[in-house]
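# Commentary on secondary and tertiary structure
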Number of protein chains: 2
Amino acid sequence: MKKDKHGCDLQSCMLCTLCIPAWKPALAAHRQHLTFKKGELLFREGEPVNGIYFVNAGKVKVHKHWGEGKELIVRFAKDGDIVGHRGVGSEMVYPVSATALEAVNICFIDMTFFQATLKVNHDFLQALMMFYATELQESEKNMRNLVHMPVKGRIAHALLNLQRKFGVNEEGYINMTLSRQDIASYTGTTYETAFRIMSDLIQEHIIIISGKSIAVKDPARLARLELEAG
Amino acid sequence: MKKDKHGCDLQSCMLCTLCIPAWKPALAAHRQHLTFKKGELLFREGEPVNGIYFVNAGKVKVHKHWGEGKELIVRFAKDGDIVGHRGVGSEMVYPVSATALEAVNICFIDMTFFQATLKVNHDFLQALMMFYATELQESEKNMRNLVHMPVKGRIAHALLNLQRKFGVNEEGYINMTLSRQDIASYTGTTYETAFRIMSDLIQEHIIIISGKSIAVKDPARLARLELEAG
DNA sequence: CGGCGTTTTGAAACTCATCAACAAGTGTGG
DNA sequence: CCACACTTGTTGATGAGTTTCAAAACGCCG
């Protein structure tokens, strides 16, 4: 983690864009520009909450762990997204960890200033509430999927999700490279199972893998896998 | 569903208690007192959102369905709780259904007034945001549990949750009667499996069932079942 | 008493996790 | 540049945990 004096990009950070003019100087004083290397931890589950992270560049995974080695990836974040907001609430410890998936560029706001802003900045509060509401819907949809969908359906769903969120490059590959382990953690299964299912999908010509990149060749068939059980 | 002219109890409804004085008359004009019988649907997943429900009395289950007959109970609500807030967000359709588990007493606020209040009432907005944040944490904890805990642990967790949320009567029975089907839907398993696990718990003298009521006799052992795998 | 829904139990089928072993890359230091 | 350790990818065999199907036992009400 490296600090420097730059403020964050006004385009991509919700707090900056919604900051009321009178507070801009205070915001500038309180925000820190942090950088994290691939694999570095932004914060760890169980740690006391010290602030909120706005992603300016790079990708982050947000995960909850369980026992030794097991984890569940709850969400991915990219530029423009917020991370660490899950610490808001009754207990002041992060309920999740966040790890940089590549070099990451963060605008960090300490908790005190964040709380103060919430009390004063109505637009920001409202945007944040909407954001929470959407995340809650998303979370509960995923919950149902984890319970009722077989692994193949969950992986199909995950791939379509990733494609929607991160987009594709000129050749149709998803703009996101994930280890199989991360795919497994995201779909709530094991490394081996995730691997086998992905192999199946390749055999069936539904997806193509080149190096670490994945391309969805037959989105219709993937979508069918999602619905098969419901 | 029956309507009458009573406003809702000021003690138990968040919107009423946080309503700014100047808005009280408008609130009185816009709120409706509704009653639902056991088994009645407050609203159905997929329907357009028409407002928010504040529970004054009775218990409600909030559930998402999947295919024919399968459902996942996402949450229970009792007096003082909000239902229907999951409709707030991008799409204006309820992402869940809500069903009365017993005779229920509701203070209903139509969406237009609710939205207007959000724009003006900072305290309410803030309370609501906190509520969402807490729900999100809860949801993601449950998500991890559904993935990584065996059914027995999930049922243990569910029972402890219910006991904490609804309390117990003088004889130690949880103030909440659920069908086995609902327990199954809440823990993401089937009727038969839920039944078998509950039988085990009775055999092991961890819980007692009398009629439709459940009492936790050995909370320590239940808690251990939760943690066993993590 | 006979029907009907819920509870209870048994057994088979299946999905998926686990374990184990090995191959194929990836990086590191000599 | 090669040898080494180390991570990541690959595959098969096995078993535990759950779902599913089916059927018997039970309670309840007309």
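Keep in mind the model is a prediction, meaning the values are calculated, not measured. (Residues numbered from 1 in each chain as written. Chains lettered and ligands numbered in written order. Predicted model: local features only at pLDDT ≥ 70, side-chain atom pairs only at ≥ 80, totals over all residues. Heavy atoms only, no water.)

In this fold, Phe43 of chain B is placed in strand S3 (residues 41–43). Taking C-alpha positions, Phe43 of chain B is 37 Å from Ile206 of chain B, a pair spaced 163 residues apart along the chain. (Helix = DSSP H or I, 4+ residues; strand = E, 2+ residues; numbered from the N terminus.)

The subject of this paragraph is the protein's contact with DNA strand D. Lining the immediate surroundings of DNA strand D are 14 residues, of which Tyr191 and Phe195 of chain A together with Val151, Thr189 and Thr193 of chain B lie closest. Contact distances for DNA strand D include 2.6 Å between a phosphate oxygen and a side-chain N or O atom of Thr189 of chain B. Within the side chain of Glu192 of chain B, a nitrogen or oxygen atom sits 3.5 Å from a base nitrogen of DNA strand D. Those elements that provide at least two residues to the surface near DNA strand D are helix H7 (191–203) of chain A together with helix H7 (191–203) of chain B. Considering each element in turn, the surface near DNA strand D owes the most residues, 4 residues, to H7 of chain A. (Near = heavy atom within 4 Å. Polar contact = N/O pair within 3.5 Å; in protein donor to acceptor, adjacent residues only side chain to side chain.)

Attention now moves to the interface of chain B and chain A. Taken together, the contact pairs 47 residues of chain B with 47 residues of chain A. Counting the surface lost from both chain B and chain A, the interface buries some 4,500 Å², and carbon and sulfur atoms represent 67% of this. If you sort the residues of chain B by the area they bury against chain A, Trp66, Met129 and Met143 of chain B come out on top, with a joint share of 17%. In this structure, the connection of chain B to chain A is made through 14 residue pairs in polar contact (both at pLDDT 80 or more). For the side of chain B that touches chain A, the secondary-structure elements that each account for two or more residues are strand S5 (60–66), strand S6 (70–77), helix H3 (111–120) and helix H4 (122–148) of chain B. For the side of chain B that touches chain A, the element with the highest residue contribution is H4 of chain B, accounting for 22 residues. Residues that form the side of chain B that touches chain A fall into these classes: 20 nonpolar, 16 polar and 11 charged. (Contact = heavy atoms within 4.5 Å. Buried area = accessible area lost by both parts, 1.4 Å probe. Nonpolar A, V, L, I, M, F, W, Y, C, P; charged D, E, K, R; others polar.)

Once that is clear, we can look at the packing of helix H5 (residues 151–166) of chain B against H7 of chain B. All names here are of chain B. Close contact between H5 and H7 brings their axes to 10 Å; oriented N to C, the two are set at 75 degrees. As the angle between them shows, H5 and H7 are arranged roughly perpendicular. Where H5 approaches H7, its residues Val151, Lys152, Ile155 and Leu159 are matched on the opposing element by Thr193, Ala194, Ile197, Met198, Asp200 and Leu201. For the contact of H5 with H7, the residue count by class is 7 nonpolar, 1 polar and 2 charged. (Axes fitted to C-alpha atoms, helices over the stretch in contact; angles between N-to-C directions. Parallel < 35°, antiparallel > 145°, perpendicular 65-115°, else oblique.)

It is worth spelling out the pairing of strand S8 (residues 97–100) of chain B at this point. Residue and element names in this part refer to chain B. Going residue by residue along S8, you find Ser97 and Thr99 tucked away on one face and Ala98 and Ala100 tucked away on the opposite face as well. When S5 meets S8, the two strands line up antiparallel, connected through 4 bridges. Looking at the pairing, Val62 lines up with Ala98 of S8. (Buried < 20%, exposed > 50% of the residue type's maximum accessible area, 1.4 Å probe, protein only. Pairing = 2+ DSSP bridges.)

What follows concerns the sheet that holds S3 of chain B. Residue and element names in this part refer to chain B. As summarised here, the arrangement of the 4 strands in space is S3-S8-S5-S6, forming an open sheet in which the pairing is antiparallel. Two strands bound the open sheet, and with one partner strand each, they are S3 and S6. Taken over all neighbouring pairs, the strand axes of this sheet differ in orientation by 35 degrees on average, direction set aside. Sitting on the sheet, helix H6 (residues 180–187) touches S5 and S6, and the angle it makes with S6 is about 90 degrees.

For the rest of this paragraph, the subject is the confidence of the model for chain A. When pLDDT is low, close inspection of the predicted coordinates is not appropriate. Put simply, chain A has an average pLDDT of 89, and 93% of its residues get 70 or more. Across chain A, the element-wise mean pLDDT spans from 51 in strand S1 (residues 2–4) of chain A up to 96 in H7 of chain A. (pLDDT = per-residue confidence, 0-100.)

Another aspect to go through is the UniProt feature "domain: HTH crp-type" (unreviewed entry) in chain A. The UniProt feature table records "domain: HTH crp-type" (unreviewed entry) at residues 149–220 of chain A. End-to-end, the C-alpha atoms of residues 149–220 of chain A are 17 Å apart, and along that stretch the chain is 54% helix and 11% strand. (UniProt positions renumbered as here; feature names shortened; annotations may be inferred.)

Residues and elements named next belong to chain A. Taken as a whole, chain A is organised into domain 1 (2–145) and domain 2 (149–229). Taking only C-alpha atoms, the centre of domain 1 and the centre of domain 2 are 26 Å apart. Listed per partner, the contact involves 14 residues of domain 1 and 15 residues of domain 2. Taken together, both faces of the contact between domain 1 and domain 2 bury some 1,200 Å²; the carbon and sulfur share is 56%. At the junction of domain 1 with domain 2, the criterion picks out 2 salt bridges. Between Asp81 and Lys165 there is a salt bridge, and its shortest N-O distance comes to 2.9 Å. At the boundary of domain 1 and domain 2, one finds 9 residue pairs in polar contact (both at pLDDT 80 or more). Listed by contribution, the elements that provide at least two residues to the side of domain 1 that touches domain 2 are strand S6 (70–77) and helix H4 (122–148). (Domains from an automatic or database assignment. Salt bridge = Lys/Arg side-chain N within 4 Å of Asp/Glu carboxyl O.)

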